[in-house]
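Spelled out from the first residue to the last, the chains are:
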Amino acid sequence: MKKDATSKPPLFARRAFEWWSKKADAEDLLGDIDEYYQFNLEDKGRLSAKFIYFKQVLSLSFSYALRKRKRSASYSNYYSRNSFAMIKNYFKIALRNFSKHKLFTSINILGLALGMSISLLALSLFVTVFKFDEFHAKKNRIFQINTHITEPDDRNLYGSTFNAVGEYMEEKYPFVEQVLQIKPGFNPEIKHQGNLLNFNGYFVGPSFFNMFSFQLISGDPVTALSEPFSIVLTKSAAKKLYRNENPIGKVIETENGSFNVTGVMDDLRQTHLYFEMLTSFKTYEQLNPRAKLTSDWINYRNNYVYLLLKDTDSRQALSTSLKQVSTKAEEFNPDRKIEL
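Residues numbered from 1 in each chain as written. Predicted model: local features only at pLDDT ≥ 70, side-chain atom pairs only at ≥ 80, totals over all residues. Heavy atoms only, no water.

Give me the lowdown on the overall build of the protein chain, citing residues and values where you can.
Scanning the protein chain for helices and strands turns up eleven helices and 14 strands. Projecting the C-alpha coordinates of the protein chain onto the three principal axes gives extents of approximately 120 × 55 × 50 Å. For the protein chain, buried positions account for 35% of its 340 residues. Pairs at least 24 residues apart make up 71% of the contacts formed inside the protein chain by residues separated by at least 6 positions. About 21,900 Å² of surface is accessible on the protein chain, with carbon and sulfur atoms providing 56% of the total. Side-chain charges of the protein chain comprise 46 positive and 36 negative groups, with the mean position of each set lying 17 Å from the other. (Helix = DSSP H or I, 4+ residues; strand = E, 2+ residues; numbered from the N terminus. Buried < 20%, exposed > 50% of the residue type's maximum accessible area, 1.4 Å probe, protein only. Contact = heavy atoms within 4.5 Å. Areas by Shrake-Rupley, 256 points an atom, 1.4 Å probe, with all protein chains shown as cover. Lys, Arg positive; Asp, Glu negative; His and termini not counted. Charge placed at Lys NZ, Arg CZ, Asp CG, Glu CD.)

Pasting the structure below:
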């Protein structure tokens, strides 16, 4: 239902107030006096309501509330139109301060530059570290066994563990799908075109390429490291030795014997393992025939053991089994407290 024209506030007074307030936001003030007009219209009549309305409009037009809103609106409009001039003024002030205080300003700028550079470097290092080994497809099921040894006068944590641990756990615990043993120390010196070239590498078990997602360019990942004196080269090492030739089937002569090239793999990405060549774990066993690895519960250095669990739900079972294996290791090390 439409309102009667007499129930509306005086249009002239309202328009005059809107013109006077200009860009100031005064809708709430108008709304208040409009409501008060309706109240007076019912209570005091139309003439009295109009008179009071004109009086309120006049009072508001010169009130502090409206002056403050008009001032804020003008400032906002000024800064929006003069933002470039303001920025230009900032540069002028900065240049003047620099000309007056060259040493102090230079120290501040240098400190800021160094601080930002070091912070960005630290952030990039932090991000890089947490990306290590993220490319392995089975990373959620791979665990490396560490050894915490407490002696009467010393405590140490090692990334390696006892030689016998890997085979013992593979035989005893069914939740373990595969065990991989890695030993450092494979650093062949190869005579190539009259030069001696040194390379870094590991002795690794045959399950290396099944457990980790290192990509073979050529060769069979299942059999590449299954035989004694078989060797896998990284792409860079293969290029260094054979340039553009296919190295598969080539024989590499070293001080430890002749090695047959069975595979070439992509160069390493972000990984905690660094190597240029890999040879089979059986090679280590042949080079060290007196080493009784399966019964060695004494030596824990330079022997890295990785477990591939059948599923991620086996973590609790792994923790329980490691306590049991720790107890067995303590039987051979009576003066040590061992925790795997």
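The rest of the description comes next.
Report on the pairing of strand β7 (residues 201–204), specifying residues and quantitative values.
Judged by which residues are buried, β7 turns out to be covered on both faces: Gly201 and Phe203 on one side and Tyr202 and Val204 on the other are all buried. Judged from the four bridges that link them, strand β4 (residues 176–186) and β7 form a sheet pairing that is antiparallel. Bridge assignment links Phe186 to a residue of β7, and that residue is Gly201. Bridging between β7 and strand β12 (residues 277–280) involves four bridges; their strand directions are parallel. The residue of β12 that forms the bridge with Gly201 is Met277. (Pairing = 2+ DSSP bridges.)

Could you give me a rundown of the packing of helix α1 (residues 11–21) against helix α3 (residues 46–61), with the residues and numbers involved?
As a packed pair, α1 and α3 sit with axes 10 Å apart at the nearest point and diverge in direction by 5 degrees. Classified by the angle between their axes, α1 and α3 sit roughly parallel to one another. Of α3, the residues touching α1 (which contributes Phe12, Ala13, Arg14, Phe17 and Trp20) are Tyr53, Phe54, Val57, Leu60 and Ser61. (Axes fitted to C-alpha atoms, helices over the stretch in contact; angles between N-to-C directions. Parallel < 35°, antiparallel > 145°, perpendicular 65-115°, else oblique.)

So what about the packing of aromatic side chains? Which residues, and what values?
What the rule picks out here adds up to 23 aromatic pairs. On the numbers, 5.4 Å between centres and 50 degrees between planes, the contact of Phe186 with Phe259 is tilted. Separated by 73 residues along the polypeptide, Phe186 in strand β4 and Phe259 in strand β11 (residues 257–265) bring together distant segments of the chain. Across the pair, Phe259 and Phe186 agree in class, each one buried. Both rings, one in Phe214 and one in Phe275, keep their centres 5.8 Å apart while their planes meet at 80 degrees; by these two values the pair is edge-to-face. Residue Phe214 is located in the loop between α8 (208–211) and β8 (216–218), and its partner Phe275 is located in the loop between β11 and β12; the two are separated by 61 residues in the primary sequence. The pair formed by Phe214 and Phe275 is uniform in burial state, with each residue classed as buried. What links up through ring pairs into an aromatic cluster is the set Phe135, Tyr202, Phe208, Phe209, Phe212, Phe214, Phe275 and Tyr306. (Phe/Tyr/Trp six-rings, centres within 6.5 Å; stacked < 30°, edge-to-face > 60°.)

Describe a positive patch on the surface, naming the residues involved and giving the relevant values.
A cluster of basic side chains, namely Lys88, Lys92, Arg96 and Lys100, defines a positive patch on the protein surface. Mapping Lys92 onto the fold places it in helix α5 (residues 83–100). Of the residues examined, Lys92 reaches a relative accessible area of 42% and is grouped as partly exposed. (Patch = residues over 30% accessible without salt bridge, like charges linked within 9 Å, V, L, I, M, F, W, Y side chains within 5 Å. Salt bridge = Lys/Arg side-chain N within 4 Å of Asp/Glu carboxyl O.)

Please give an account of the side chain of Ser321 that cites residues and values.
Residue placement: Ser321 occurs in helix α11 (residues 315–332). Once you skip the residues sitting within four places of it in the chain, Ser321 turns out to touch Met169, Tyr173 and Phe175.

I'd like to hear about unusual backbone geometry, residue by residue, with values.
Residue Asp133 is not a glycine yet carries a positive backbone phi of 60 degrees. Its location among the elements puts Asp133 in the loop between α6 (102–129) and β1 (142–144). Unlike most non-glycine residues, Phe229 shows phi in positive territory, near 60 degrees. Structurally, Phe229 can be placed in the loop between β8 and β9 (230–234).

Give a detailed account of the pairing of strand β5 (residues 189–192), specifying residues and quantitative values.
By the alternation rule, side chains of β5 split into Ile190 and His192, which are all buried, and Glu189 and Lys191, of which none is buried. As judged from the four bridges shared by β5 and strand β6 (residues 195–198), these two strands associate in the antiparallel manner. Of the residues in β6, the one forming a bridge with His192 is Asn195. The antiparallel pairing of β5 with β6 creates a hairpin that spans two residues between the two strands, and Gln193 there sits at a positive phi of about 50 degrees.

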